[in-house]
Amino acid sequence: MIEQSLTMIPGPTPVHANILGALARPTVSHILPAFVEEFKAALQGFRALCQTATGQPFIVAGAGTLSMEMAVVNLVSPGEKLLVISHGYFGDRFVDLATSFGIQVDVLRSEWGQAVPPATLAKKLAETSYAAVTVTHVDTSTGTCSPVAAYADVLRGRAEMFILDGVCATAGIDEPFDQWGVDVLLTAAQKAIGAPPGLALCTFSERAMARRQAKASVPAYYADILRWLPIMQDPGKYYSTPCVNEIMALAEALRMLHKEGLPARFARHAKIAQAVRAGLGALGFSLFTAPDCRADTLSVILLPAGIEDLPLRKELAARGIVVAGGLGPIAGKAFRLGHMGNIAAGEVVTVLRALEGALGALGKTVTPGGAVAAASSFLP
Ligand code: PMP
């Protein structure tokens, strides 16, 4: 039954009962003072999540792709140049997006499962300058976690706007916006933040706001941040009806997140990733992503010889677990397991036990309890 399955895909992630409770509250007027306070709380909570003193947060109905579009169209005009660092399907999405607005795009593309070395970025920027550079913090197709701190060192002091896609990272992996000199951190509600899908979130630096303000217009209406700015400064104002329930749910998710504390939350994600990988190793699985760039938020797992994608996912579904298939060149060769948001030891144990059962059902010899035993030393 739909409500009995544990959704362990790399987003949407399982939504905690407190957040679902906030979502289920009566839908109220978007200018009701109590709602306006919740909207303000969500904006403050998101800004604190970005670890910025001066960044301007935006929360708009949509999803991650809208926040990507808001970042690009507000900072890079048609005819200008954008450099995209791509570690897979979602990095490539910036290429499609920018191209469709008439932006000239250069791409630094890694092999799938690897990361572009910071020196390659430095070399490219020594040859050419750009209006902006995009970095996908964690590419959800390949599990590659970008060396963002090292890219930030290369970009520091340069004129290029630094756009960071945190859709599969924000709230699970540290992203110190001010310290890294990020110009736009963009994300969505449904992954490590742990809220249901339906919101685009992004924070613009002062420098990025000034860049937008210097443009007379941008080729956007709903995605134009200057149309949204008055609402983000005073959420009692109207531009387009906010999704009231979603914002209440996000406000609750952010309260929970700050109650846990950012350092504790990032440490929990790191521990869970270690536990999952120890368990997967005990089951004989290996990972697709190179060891030096594996994300704490998901694992991309190679299918062992003799195990096919759909039968494995069917066996897992029969045990109440939903995982995601591989994308692009690794479709049918790997599956993706999300381990981010509001999950804990219980979910890890449940997934590993289900994987053990599924492999057994498909004829693999596994040591009963071996995966959970291997994971346990990393679990609280
Ligand atoms: N960027 C990354 C890294 C993603 O993982 C995704 C979605 N999986 C997106 C962007 C697009 O987000 P959405 O599906 O919410 O539009």
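Residues numbered from 1 in each chain as written. Predicted model: local features only at pLDDT ≥ 70, side-chain atom pairs only at ≥ 80, totals over all residues. Heavy atoms only, no water.

Chemist: Sorry if this is basic, but what is going on with empty space enclosed by the protein here?
Modeler: It is a probe the size of a water molecule, rolled over the atoms, that shows where empty space is left. Per the counting criterion, the structure on display carries 1 cavity of 30 Å³ or more. For the largest cavity, the calculated volume is near 80 Å³. In this structure, the largest cavity is lined by 15 residues; those nearest its centre are Phe39, Ile59, Trp228, Ser240 and Pro242. Taken together, the elements giving at least two residues each to the lining of the largest cavity come down to strand S2 (56–61) and helix H9 (225–233). (1 Å grid on protein atoms, 1.4 Å probe; cavity = no way out; pocket = protein on both sides within 12 Å on 5 of 7 lines; lining within 4 Å. Points joined across faces, edges and corners; volume = space filled by probe spheres on them. Helix = DSSP H or I, 4+ residues; strand = E, 2+ residues; numbered from the N terminus.)

Chemist: Just checking my understanding: could you explain the sheet that holds strand S15 (residues 334–338) for this structure?
Modeler: Hydrogen bonds along the backbone pair up the strands of a sheet, which may run parallel or antiparallel. Strand order in the open sheet formed by 4 strands is S11-S12-S15-S14, and the pairing between neighbours is antiparallel. Where the open sheet ends on each side, the last strands, each with one partner, are strand S11 (286–287) and strand S14 (324–325). Relative to S15, strand S12 (residues 298–302) runs antiparallel, the two sharing 5 bridges. Along S15, the bridge assignment pairs Ile301 with Phe335. (Pairing = 2+ DSSP bridges.)

Chemist: Looking at this structure, I do not really get the site of the ligand. What am I missing?
Modeler: If you check the shell around the ligand, you find 13 residues, and the closest are Gly64, Thr65, Thr140, Asp165 and Lys191. Between the ligand and Gly64 there is a distance of 2.8 Å, counted from an oxygen atom to a backbone nitrogen or oxygen. For the ligand, an oxygen atom lies 2.8 Å from a polar atom in the side chain of Gln190. Here the ligand loses 86% of its free accessible area of 390 Å² to cover by the protein chains. If you tally residues by element for the shell around the ligand, the top one is helix H3 (residues 64–75), at 3 residues. Class assignment for the residues of the shell around the ligand results in 5 nonpolar, 5 polar and 3 charged. (Near = heavy atom within 4 Å. Polar contact = N/O pair within 3.5 Å; in protein donor to acceptor, adjacent residues only side chain to side chain. Areas by Shrake-Rupley, 256 points an atom, 1.4 Å probe, with all protein chains shown as cover. Nonpolar A, V, L, I, M, F, W, Y, C, P; charged D, E, K, R; others polar.)

Chemist: Would you explain the packing of helix H8 (residues 206–213) against H9 in this entry?
Modeler: Packed helices, taken two at a time, are described by the angle between their axes plus the distance between the axes. Contact pair H8 / H9: the axes reach a minimum separation of 11 Å and the direction vectors enclose 125°. The angle between the axes of H8 and H9 places the two elements in the oblique class. Mapping the contact onto sequence places Met209, Arg212 and Gln213 in H8 and Ile225, Leu226 and Leu229 in H9. The residue makeup of the contact of H8 with H9, split by class, is 4 nonpolar, 1 polar and 1 charged. (Axes fitted to C-alpha atoms, helices over the stretch in contact; angles between N-to-C directions. Parallel < 35°, antiparallel > 145°, perpendicular 65-115°, else oblique. Contact = heavy atoms within 4.5 Å.)

Chemist: I tried to follow the pattern of salt bridges on my own but got confused; where do I start?
Modeler: Two side chains bearing opposite charge may form a pair once their charged atoms approach each other closely. A complete count under the given rule lists 16 salt bridges for this structure. Here Arg255 makes a salt bridge to Glu38, at a shortest N to O gap of 3.0 Å. Of this pair, Arg255 sits in helix H10 (residues 244–260) while Glu38 is found in helix H2 (residues 33–50), placing the two residues 217 residues apart along the sequence. When its relative accessible area of 38% is taken as the criterion, Arg255 is described as partly exposed. (Salt bridge = Lys/Arg side-chain N within 4 Å of Asp/Glu carboxyl O. Buried < 20%, exposed > 50% of the residue type's maximum accessible area, 1.4 Å probe, protein only.)

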